[in-house]
Amino acid sequence: MTVNTHDSLDDIRRNVTRIDNTLLALLAERRTLSLEVAKSKISTAKPVRDQVREQALLLRLIDTGKEHQLDPQYVTQIFHTIIEDSVLYQQAYLQRLVNPENALPTARVSFLGAKGSYSHLASRNYFSRKQTQLVEISCSSFRDIINEVETGHADYGVLPIENTSSGSINEVYDLLQHTSLSIVGEITQPIEHCLLTAVDTQLEQIDTLYSHPQPHQQCSEFLHGMGKINQQYCSSTADAMLTVAELKQPNVAAIGNASSGEIYGLTPIKTNIANQQQNFTRFIVVARKPVTVTSLIPAKTTLIMSTAQAAGSLVECLLVLRNAKINMTKLESRPVIGNPWEEMFYVDVEINLKDPLMQQVLDDLTRLTRFIKVLGCYPSENVTPTEVDFND
Ligand SMILES: O=C(O)C(=O)C[C@]1(C(=O)O)C=C[C@@H](O)C=C1
């Protein structure tokens, strides 16, 4: 085989690096323009999201991409990510304007586990968009996270509240029942569970597995396939990775994120071991003071309420939301500690607390419930991609 090499591999890679650097500069420039767009939308009171514009933008880019032999799926995937960043970046900017007291350069943030835990990754991702430097406060329990914020040692707490494989994280819901803190934000973090080891070994040699209870649950099918495994529970995935790094034994592994494993010198011997390939955890961000959400961005409001024990009481409350045409994205029930058989219901709705319709709904629900409390109104960080038909 004759290979016609005009340039050495190093020369070619230098060109690749040059192009990558140009792409980064252009992405940064595009972000700056997003802020200019946000400023113009303030003056015209236009919402951040304009999916008509996104549709037109994507179709044009797909056509242009075809001229460069770039397939539509590839172009769409890249620009969905770019547009999502633009929307969230604009939302963060607008939120800083309506909550100037929160626009601090640094924030003390409490989260579960040490560096590399999924809570640490979620905290870093959430605050990077707010252009806020983290002062990291690592906690060993959800209760500690809340205590750090309630006592003023932390400005924010980041708590996992539900996962697409293992469902709701009940301990967090129970803690929300009794805290004075408000939910001020949310972030959904992709969770890529891997089997991480500190020394070269084979999957068949692993008989002891360290992780937080949640990853054990989320990877139950894979673990079942491994046969008899000694499952060890840790306070966080970071704690599990540290333990395995210190043990340095060929029969021991941790479940955690591959990039976090590098912090502890661990390497993945098996990736994507969660029950569902699309595995996400939604985290909430709590603070001592609630935030105001501008009407230019989508908002979520979280309520907790306990209904009378008469038959149909919950249905009456849900009908209030249905009649108001308010979309409910989450309904969770938890026992009321100390009142056997009484349930506390957690409801996430897609409406701004300041919306007059929501105020009316709260009045109606107050009459129908034994107890009701708004846990918070916060920006919805779920940017649903604008789908385009590639075959147009
Ligand atoms: O052009 C706008 O209206 C923008 O806000 C910019 C932008 C983009 O990044 O391209 C982002 C969000 C909108 O939904 C549409 C497009």
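As a convention, each chain's residues are numbered from 1 in the sequence order in which they are written. With the structure being a predicted model, the display of local features is reserved for residues of pLDDT at least 70 and the display and counting of side-chain atom pairs for 80 or more, all residues being used for whole-chain, interface and lining totals. Each side-chain value is derived from all of the structure's non-hydrogen atoms; neither hydrogens nor water enter the calculation.

Draft legend 1. Spotlight on the overall build of the protein chain. Only runs of H or I of at least four residues qualify as helices and only runs of E of at least two qualify as strands under DSSP, and these elements are numbered from the N terminus. Along the backbone of the protein chain there are twelve helices and 15 strands. By its C-alpha atoms, the protein chain is 85 × 60 × 40 Å across when sized along the principal axes. Note on classification: 1.4 Å probe, protein chains only; a residue is buried when its accessible area is under 20% of the maximum for its type, exposed when over 50%, partly exposed between these limits. Classification of the 392 residues of the protein chain by burial places 46% in the buried group. All accessible areas in this document rest on Shrake-Rupley with a 1.4 Å probe, and a residue is counted as covered only by the protein chains that are shown. As displayed, the protein chain has an accessible area near 20200 Å², and 53% of this comes from carbon and sulfur atoms. Looking at charge distribution, the protein chain has the averaged site of its 34 positive side-chain charges lying 5 Å from that of its 44 negative ones. All tallies of charge rest on Lys and Arg as positive and Asp and Glu as negative; His and the ends of each chain are not included. In plain terms, the charge of a residue is placed at NZ if it is Lys, CZ if Arg, CG if Asp and CD if Glu.

Draft legend 2. Region of interest: the sheet that holds strand E9 (residues 252–257). By definition, two strands form a pair when at least two bridges between them are found by DSSP. Spatially, five strands are ordered E8-E7-E9-E6-E10 in an open sheet, and the strand pairing comes out mixed. Bordering the open sheet on either side are strand E8 (230–233) and strand E10 (267–270), each of which pairs with just one other strand. Sheet twist, expressed as the mean angle between neighbouring strand axes with direction ignored, is 40 degrees. We call two residues in contact when some of their heavy atoms are within 4.5 Å. Angular values range over 0 to 180 degrees, each being the angle between N-to-C directions of two axes fitted as lines to C-alpha atoms, with helices fitted over their stretch in contact. Across the sheet, helix H9 (residues 237–247) touches strand E6 (193–197), strand E7 (208–211) and E9, and the angle it forms with E9 is around 145 degrees.

Draft legend 3. Highlighting empty space enclosed by the protein. As defined here, a cavity is a set of points on a 1 Å grid over the protein atoms alone where a 1.4 Å probe fits but cannot get out. A pocket is an open set with protein on both sides within 12 Å along at least five of seven lines, and residues line them when an atom is within 4 Å of a point. Grid points are joined across faces, edges and corners, and a volume is the space filled by probe spheres set on the points. Following the criterion strictly, the structure yields four cavities of 30 Å³ or more and no others. Its boundaries defined by the atoms lining it, the largest cavity holds a volume of some 310 Å³. Forming the boundary of the largest cavity are 19 residues, of which Gln 95, Asn 102, Tyr 126, Lys 130 and Tyr 156 lie nearest the centre. Elements represented by at least two residues in the lining of the largest cavity include exactly helix H3 (72–98) and helix H4 (118–129). If you tally residues by element for the lining of the largest cavity, the top one is H3, at five residues. As annotated, the domain borders come from an automatic or database domain assignment. Structurally, the lining of the largest cavity is a two-domain feature, drawing no fewer than three residues from each of domain 1 (9–98) and domain 2 (104–191 + 280–287). The calculated volume of the second largest cavity comes to roughly 190 Å³. In terms of lining, the second largest cavity is formed by 18 residues, of which the most central are Tyr 118, Ser 119, Pro 160, His 212 and Gln 214. Contributions of two or more residues to the lining of the second largest cavity are made by H4, strand E3 (156–163), helix H7 (213–218) and strand E11 (280–287). The residues that make up the lining of the second largest cavity include at least three from each of domain 2 (104–191 + 280–287) and domain 3 (193–271).

Draft legend 4. Highlighting the UniProt feature "binding site: substrate" (unreviewed entry) in the protein chain. UniProt positions are given in the numbering used here, feature names are shortened, and annotations may be inferred rather than shown by experiment. Residues annotated by UniProt as "binding site: substrate" (unreviewed entry) correspond here to Arg 13, Arg 30, Lys 41, Asp 50, Glu 54, Ser 86 and Gln 90. An extended arrangement is adopted by the annotated residues: their sequence extent is 78 residues, and the largest C-alpha distance between any two is 41.6 Å. For the largest pocket, the lining residues among the annotations just cited are Glu 54. Relative to the helices and strands, Arg 30 is located in helix H1 (residues 9–44). In this structure Arg 30 comes out as partly exposed when scored by relative accessible area, which is 27%. Apart from the residues lying within four places of it in its own chain, the contact partners of Arg 30 are Leu 57, Ile 82 and Ser 86. On the secondary structure map, Ser 86 appears in helix H3. Excluding anything up to four places from it in sequence, Ser 86 contacts Arg 30 and Ser 34.

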